[in-house]
Amino acid sequence: MAIDILMPALSPTMEQGKLAKWLKKEGDKVKPGDVLAEIETDKATMEVEAVDEGVLAKILVGDGTDNVAVNTPIAVLAGEGEDLASAVASAKMPDLVAPPAAAPAPVSAPAPATVPAAPAAPAAVYDAGLEVPAGTEMVNMTVREALRDAMAEEMRRDGDVFVMGEEVAEYQGAYKVTQGLLQEFGARRVIDTPITEHGFAGVGVGAAFTGLRPIVEFMTFNFAMQAIDQIINSAAKTLYMSGGQLGAPIVFRGPNGAAARVAAQHSQDYAAWYSAIPGLKVVVPYSAADAKGLLKSAIRDPNPVIFLENEILYGHSFPVPVMDDFTLPIGKARVHRQGKDVTIVSFGIGMTYAIKAAEALEKEGIDVEIIDLRTIRPMDTDTVVASVMKTGRCVTVEEGYPQSGVGAEIAARIMEKAFDYLDAPVIRVTGKDVPMPYAANLEKLALPNVDEVVQAVKAVTYR
Amino acid sequence: MAVAARKAGRAGSSAAGKSTPNKTLARKAAPNTPQFDKAQDLAAYHEMLLIRRFEEKSGQMYGMGLIGGFCHLYIGQEAVVVGMQMATKEGDQLITGYRDHGHMLASGMDAKGVMAELTGRRGGLSKGKGGSMHMFSKEKHFYGGHGIVGAQVSLGTGIAFANRYRNNGNVCLTYFGDGAANQGQVYESFNMAELWKLPVVYVIENNRYAMGTAVNRASAQTDFSKRGVSFNIPGEQVDGMDVRAVYAAGQRAMEHARSGKGPYILEMQTYRYRGHSMSDPAKYRTKDEVTRMREEHDPIEQVRRRLLESWKLSEDELKVIDGKVREIVNEAAEFATHDPEPDPSELYTDILL
């Protein structure tokens, strides 16, 4: 009985990879544990081991093939004494190559929002459309590359900037965000730490007290709970407690929120947690351009900045402006898409649901405006309120919990500042109020989805 | 006055007690306690007395309702910070926990500013927004004043990290108590400090009680100088009631850290006369124990005796010093009583830069 050898997934979020090299050739005998091939993703290189005994009858996907989807048959293994030719004939050929990652939505809506002349409208709404000068060349890059470039540029610019965290140096980053930094900046400025979040967060804050500008990477923000005392009690409060004498110019960054199938302890969104703390800034980018421009600003900021990334978004590509020094202001939302019927406010990976929902709703004649908050604290209430004054309706979208979440805060602010403009109650689409389950079907249920956003929009537009 | 103390310390450095510390086994302080010259004894006396009188006044003002919240007095432990400060050089930093008034005075911070912070007034070192446990001075290299037990150990290690990053030759003195010594982040910090050879001296002020819990009820290893053994950090136990022993050990430790050999642990065996905080009646120990420590080991009395017996100062000469110290403390208390509270507009300042 011939056995198909499938393209394995190396991580919970891997969808495709490169078959770098075969280490066995057709006709070789293999036994369990033998290394058959090497495969690469943008994060790592791994070996494919044989599970069964037999003869490598046929290689279906050759050396150097890119974008091989997970679970594609890559070879056929014939059992002991089996006829190789018939084994190969019985194997099904793969639909070879996965499509490239879905093309993202445009970076920014082109024209500024025109706010109707309402008496209480905020005086000047920030115009994200002017962030990139007209005619600027754009290049596609992943969020991962954008973050790396942001750090590298700031490290070139300022010798006081350094990166520390688990696996940031020799391993090139657990999620490959710090790839190449050790090679360019050396071990003095790219520092592998022991697995000791509480301790190295405190070390980072202490160094920041003296005026250095640490970038502290948490492998994920789930582990930053070990360090949250240093983040809040030491980093966020010292400026106030010292009467303005001593602050901590530090960036805490890393992936936040659910990845895929990693269950409750590794799947939490901390945006609302950190946004509750005076003395912190909290940035949650969605696009690569925002990731780059905002991380550069975060590194230059004299205050502690929590920079929440997302593992799933790391591999998404977006156009990024080619500029010598592209920075974006912290605390300003971006109108991602203009519309007149309803406002969706989201951030980070929540934007992926919002964008797909808006596309679906467009077909049903509902014109959605999407605001990407980008910064959760300080929150750009003016941009949200101006939009709600125009549309009269609002839906918030986030993966975090409903109680005391970012959506709850937005709803409260809208009620305080634009109550008379509302034609319907604000509805929150959030992660469910449960620890993240492991089972695939339950996990799917626990996260928000596009249909929930669509239904929420229909509810507030009374469709 | 603190500057004077440091200068005196530098000028009259004592060669006694300079033995090589055992790398793996913590040991008792050298039996032959080094001697101070007259200038050193005078400086130490003045500094310690200032802390003593300042803390007595703080206790009094707390009783009058002028100081609120938590207030942890340093009375009894004065020799630790004064001896260590004498072993520092300009640029060295210090950081400590919440029992911090003595550290601030010894590093030369203005007594008026400290006292006005205790009373929550606008002239306080943190504009009245920090209080007893949260004061800082960039100018004097004092990094706080931290209210979370043990947090300052990671922070101090980070300051030492910055010294190494900048290669500036400075050492960070990181103080914590026998209670904090059981916190996890202390050992996370020890590990990184030795791994990266950071210039940090950990000063464990073992005053025998973590709030109300005696050391032997909370600690499996009560020899705190051994707490770095599994990280290869050398340590020694020091008579923290004798400012000369503290100074000599401080010099050894600072030399070790400054020369690139990494961290060093000093367990200062000391004693606090008062309760953990103002609201602690200290019923967990006997009156006799306190009395015995005060009568037989008082750090200030030891120096006073030397000034009278060895340096032949007269009681009148000592009274002049006492008078000067009282004047500083009274002036601070006066200022802290009458300085206005912060302007309400200060509520929303200093949150972000």
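Residues numbered from 1 in each chain as written. Chains lettered and ligands numbered in written order. Predicted model: local features only at pLDDT ≥ 70, side-chain atom pairs only at ≥ 80, totals over all residues. Heavy atoms only, no water.

Where an unreviewed UniProt entry is consulted, chain A appears under the name Pyruvate dehydrogenase E1 component subunit beta, with the organism given as Microvirga terricola. The UniProt entry for chain A carries this comment under Subunit (unreviewed entry): "Heterodimer of an alpha and a beta chain." Per UniProt, the comment on chain A under Function (unreviewed entry) is "The pyruvate dehydrogenase complex catalyzes the overall conversion of pyruvate to acetyl-CoA and CO2." (UniProt positions renumbered as here; feature names shortened; annotations may be inferred.)

Colleague: Just checking my understanding: could you explain the domain arrangement of chain A for this structure?
Modeller: How big an interface is tends to be stated in terms of the accessible area lost upon association of its parts. By domain assignment, chain A separates into domain 1 (3-90), domain 2 (133-321) and domain 3 (334-460). Distance from the C-alpha centre of domain 1 of chain A to the C-alpha centre of domain 3 of chain A: 43 Å. (Domains from an automatic or database assignment.)

Colleague: Would you explain the pattern of salt bridges in this entry?
Modeller: When the charged atoms of two side chains with opposite charge come close together, those side chains can pair. Taken as a whole and assessed by the stated rule, the structure comprises 42 salt bridges over all chains. Of the charged contacts in the structure, one is a salt bridge between Lys-340 of chain A and Asp-341 of chain A, with a shortest N-O distance of 3.5 Å. Accessibility expressed as a relative area gives 53% for Lys-340 of chain A, which makes it exposed. Owing to a relative accessible area of 17%, Asp-341 of chain A belongs among the buried residues under this scheme. Residue Glu-315 of chain B is joined to Arg-304 of chain B by a salt bridge in which the shortest nitrogen-to-oxygen separation is 2.8 Å. (Salt bridge = Lys/Arg side-chain N within 4 Å of Asp/Glu carboxyl O. Buried < 20%, exposed > 50% of the residue type's maximum accessible area, 1.4 Å probe, protein only.)

Colleague: Help me understand the sheet that holds strand 2 (residues 16-22) of chain A, please; the structure alone is not making it clear to me.
Modeller: The strands making up a sheet associate through hydrogen bonds between their backbones, and the pairing can be parallel or antiparallel. Residues and elements named next belong to chain A. One open sheet accounts for four strands, arranged 5-4-2-7; its pairing is antiparallel. The sheet terminates laterally at strand 5 (45-49) and strand 7 (65-69), the two strands that pair on one side only. Strand-to-strand twist in this sheet, taken as the mean axis angle between neighbours without regard to direction, amounts to 40 degrees. Relative to strand 5, strand 4 (residues 35-40) runs antiparallel, the two sharing five bridges. Pairing of Val-35 across the sheet is with Glu-49, part of strand 5. (Pairing = 2+ DSSP bridges. Helix = DSSP H or I, 4+ residues; strand = E, 2+ residues; numbered from the N terminus. Axes fitted to C-alpha atoms, helices over the stretch in contact; angles between N-to-C directions.)

Colleague: Got a minute to help me understand the nonpolar core in this structure?
Modeller: Considering soluble globular proteins, one finds that nonpolar side chains tend to be buried as a cluster. Residues Phe-218, Ile-231, Phe-252, Tyr-274 and Leu-373 of chain A are the most contacted members of the largest nonpolar core, which totals 83 residues. Counting residues domain by domain, this core receives three or more from each of domain 2 (133-321) and domain 3 (334-460) of chain A. In contact with Phe-218 of chain A, not counting residues within four places along its chain, are Glu-197, Phe-200, Ala-201, Ala-224, Ala-227, Ile-231, Phe-252, Arg-253, Gly-254 and Pro-255 of chain A. Core analysis: the next-biggest nonpolar cluster, separate from the first, contains 69 residues, Ile-67, Ala-106, Val-290 and Met-293 of chain B among them. (Core = buried A, V, L, I, M, F, W, Y, C linked by side-chain atoms within 4.5 Å. Contact = heavy atoms within 4.5 Å.)

Colleague: How should the packing of aromatic side chains be read in this particular structure?
Modeller: Two measures describe an aromatic ring pair: the distance that separates the ring centres and the angle between the ring planes. According to the stated counting rule, one finds 20 aromatic pairs over all chains in the structure shown. Measuring from ring centre to ring centre gives 5.4 Å for Phe-218 of chain A and Phe-221 of chain A, while their planes differ by 65 degrees; the resulting arrangement is edge-to-face. For the pair shown, Phe-218 of chain A and Phe-221 of chain A are each scored as buried. Between the aromatic rings of Phe-218 of chain A and Phe-252 of chain A, the centroid separation amounts to 5.8 Å while the plane-to-plane angle is 10 degrees, which identifies the pairing as stacked. Within this pair, whereas Phe-218 of chain A is found in the loop between strand 12 (213-217) and helix 5 (228-236), its partner Phe-252 of chain A is found in strand 13 (residues 251-255), the two being separated by 34 residues in sequence. Neither residue differs from the other here; Phe-218 of chain A and Phe-252 of chain A are each classed as buried. Against the face of Tyr-165 of chain B rests Arg-188 of chain A, its NZ or CZ located 3.9 Å from the ring centre. Here the basic side chain of Arg-261 of chain A rests over the ring of Tyr-438 of chain A, its NZ or CZ set 4.2 Å away from the ring centre. (Phe/Tyr/Trp six-rings, centres within 6.5 Å; stacked < 30°, edge-to-face > 60°. Lys NZ or Arg CZ within 6 Å of the ring centre and 35° of its normal.)

Colleague: How do you make sense of helix 10 (residues 350-363) of chain A when you look at a structure like this?
Modeller: An α-helix turns once every 3.6 residues. As a result, residues three or four positions apart point the same way. All names here are of chain A. Relative to the 20 Å expected for 14 residues at 1.5 Å per residue, helix 10 spans 21 Å between its end C-alpha atoms, a close match to the ideal helical length. What helix 10 keeps buried is the set Gly-350, Met-351, Thr-352, Tyr-353, Ala-354, Ile-355, Ala-357, Ala-358 and Leu-361. Where helix 10 is buried, its residues touch helix 9 (311-314), strand 17 (334-337), strand 18 (342-346), strand 19 (368-372), strand 21 (394-397) and helix 14 (450-460). Downstream of helix 10 by one or two residues, Gly-365 has phi in the positive range, about 85 degrees. (Expected span 1.5 Å × (residues − 1).)

Colleague: How should the pairing of strand 2 of chain A be read in this particular structure?
Modeller: On any regular strand, side chains alternate: one points to one face of the sheet, the next to the other face. Residue and element names in this part refer to chain A. Pairing analysis gives three bridges linking strand 2 to strand 7, with the strands arranged antiparallel. Looking at the pairing, Gln-16 lines up with Ala-69 of strand 7. Across four bridges, strand 2 lies against strand 4 in antiparallel orientation. When the sheet's bridge partners are listed, Leu-19 is paired in strand 4 with Ile-39.

Colleague: What am I meant to see in the confidence of the model for chain A here?
Modeller: Predicted coordinates in regions of low pLDDT should not be interpreted in detail. Of the residues in chain A, 90% reach a pLDDT of 70 or more, and the chain-wide mean stands at 91. Considering only residues more than four positions removed or in separate chains, one finds that residues 96-119 of chain A, a stretch of pLDDT under 50, has 42 contacts. (pLDDT = per-residue confidence, 0-100.)

Colleague: I'm lost on the sheet that holds strand 15 (residues 305-309) of chain A in this one. Help?
Modeller: All names here are of chain A. The seven strands lie next to each other as 11-10-12-13-15-14-20, forming an open sheet whose pairing is mixed. On the outer flanks of this sheet lie strand 11 (190-192) and strand 20 (375-377), each paired with one strand and no other. The sheet shows a mean angle of 20 degrees between the axes of neighbouring strands, taken without regard to direction. Bridging between strand 14 (residues 281-283) and strand 15 involves three bridges; their strand directions are parallel. Bridge pairing in strand 15 links Lys-281 to Val-305. Packed onto the sheet, helix 8 (residues 288-300) meets strand 10 (161-165), strand 12, strand 13, strand 14 and strand 15 and runs at close to 155 degrees relative to strand 15.

Colleague: How should unusual backbone geometry be read in this particular structure?
Modeller: Most of the time, phi is negative for any residue but glycine, and the peptide bond is trans. Residue and element names in this part refer to chain A. In this chain, Arg-377 is followed by Pro-378 through a cis amide linkage whose omega measures 0 degrees. Assignment of secondary structure puts Pro-378 in the loop between strand 20 and helix 11 (381-391). The phi angle at Arg-374 is positive, at roughly 65 degrees, despite the residue not being glycine. Within the secondary structure, Arg-374 sits in the loop between strand 19 and strand 20.

Colleague: Would you explain the interface of chain B and chain A in this entry?
Modeller: Listed per partner, the contact involves 35 residues of chain B and 44 residues of chain A. Of the roughly 3400 Å² buried at the junction of chain B and chain A (both faces included), carbon and sulfur atoms supply 65%. Among the residues of chain B in contact with chain A, Phe-136, Tyr-165 and Leu-353 of chain B are the three that bury the most area, contributing 22% of the side total. Connecting chain B to chain A are zero salt bridges. Here chain B is connected to chain A by 17 residue pairs in polar contact (both at pLDDT 80 or more). (Buried area = accessible area lost by both parts, 1.4 Å probe. Polar contact = N/O pair within 3.5 Å; in protein donor to acceptor, adjacent residues only side chain to side chain.)

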